[in-house]
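Listed below are the residues making up each chain.
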Amino acid sequence: MQQTGGSTISTQKPGNDIIFACAQCSTSFVVDAAAAGMTLICQSCGKPTTVPKPDLETAAGHALKISDLHHQLKENESQRTEITSYINQLGIQLHRWQLRLQTLNERQKKLEGDLATICGSAK
Ligand SMILES: [Zn+2]
């Protein structure tokens, strides 16, 4: 009846063992599912600790949490897409302004060159 390679989360089917950690000293214990919800004395630290009820409550709680996390992931993803789109748009805009500035710089050089030529020949 031993289950190996499973998760450390204490969700097991009824009739199976429950794996749980002591609330005081975090030592892991395996108890029968019949002990769910009972308060036991920890064999390691001697303090009372409650065996979690594995199935319905925990499973429902996990399902709720999972659904909530999926929802948050989806929302996060949609915001990521939105921001990425903004960055792309601004990147294109930035590139346009840079090209414009480059054109203006070239024009300035040409105008200054023309001016220098005229001033030089006027002497
Ligand atoms: Zn303990």
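These figures come from a predicted structure and were not determined experimentally.

1. Section: the overall build of the protein
And step 1. A tally of regular secondary structure across the protein gives 1 helix and 4 strands.
And step 2. Ordered by position from N to C terminus, the α and β elements of the protein give β-β-β-β-α.
And step 3. For the protein, with 123 residues in total, the buried portion stands at 11%.
And step 4. Considering only contacts within the protein whose residues lie at least 6 apart along the sequence, 24% involve residues at least 24 apart.
And step 5. Accessible surface, the protein: about 10200 Å² in total, of which carbon and sulfur atoms supply 58%.

2. A few points about the pattern of salt bridges
And step 1. For the structure shown, the criterion picks out 2 salt bridges.
And step 2. A salt bridge links E77 to R80; the shortest N-O distance between them is 3.2 Å. On the criterion of helical spacing, the pair formed by E77 and R80 is a turn pair, its members being 3 residues apart in helix α1 (residues 54-122).
And step 3. Between K110 and D114 there is a salt bridge, with the nearest N and O atoms lying 3.4 Å from each other. One end of the pair is K110 and the other is D114, both in helix α1 and 4 residues apart, which spans about a single turn.
And step 4. The exposed category is assigned to K110, whose relative accessible area is 55%.

3. Describing the coordination of the zinc ion
In ideal tetrahedral geometry, four donors around a metal make angles of 109.5 degrees, whereas ideal octahedral geometry with six donors gives angles of 90 or 180 degrees.
And step 1. Within the protein, the atoms that donate to the zinc ion are C22 (SG), C25 (SG), C42 (SG) and C45 (SG), at distances of 2.2 to 2.3 Å.
And step 2. Taken together, the 4 donor atoms surrounding the zinc ion define angles of 104 to 113 degrees at the centre, an arrangement classified as tetrahedral.
And step 3. According to the relative accessible area criterion, C45 is partly exposed, its value standing at 31%.

4. Comments concerning the packing of aromatic side chains
And step 1. One pass over the structure, following the stated rule, counts 1 aromatic pair.
And step 2. Ring centres 6.1 Å apart and planes at 40 degrees place the aromatic pair F20 and F29 in the tilted group. For the pair shown, F20 and F29 are each scored as buried.

5. A closer look at the environment of S28
And step 1. Tracing the sequence through the fold places S28 in strand β2 (residues 28-32).
And step 2. We classify S28 as exposed; its relative accessible area is 53%.
And step 3. Placed 14 residues apart in sequence, S28 and C42 show a C-alpha to C-alpha distance of 9.8 Å.
And step 4. Residues within four places of S28 in sequence aside, it is in contact with F20 and A21.

About the thresholds
- Residues numbered from 1 in each chain as written.
- Predicted model: local features only at pLDDT ≥ 70, side-chain atom pairs only at ≥ 80, totals over all residues.
- Heavy atoms only, no water.
- Helix = DSSP H or I, 4+ residues; strand = E, 2+ residues; numbered from the N terminus.
- Buried < 20%, exposed > 50% of the residue type's maximum accessible area, 1.4 Å probe, protein only.
- Contact = heavy atoms within 4.5 Å.
- Areas by Shrake-Rupley, 256 points an atom, 1.4 Å probe, with all protein chains shown as cover.
- Salt bridge = Lys/Arg side-chain N within 4 Å of Asp/Glu carboxyl O.
- Donors = N, O, S within 2.8 Å, 3.2 Å for Na, K, Ca; no water.
- Tetrahedral: all angles 85-135°; square planar, octahedral: opposite > 155°, others 65-115°.
- Phe/Tyr/Trp six-rings, centres within 6.5 Å; stacked < 30°, edge-to-face > 60°.

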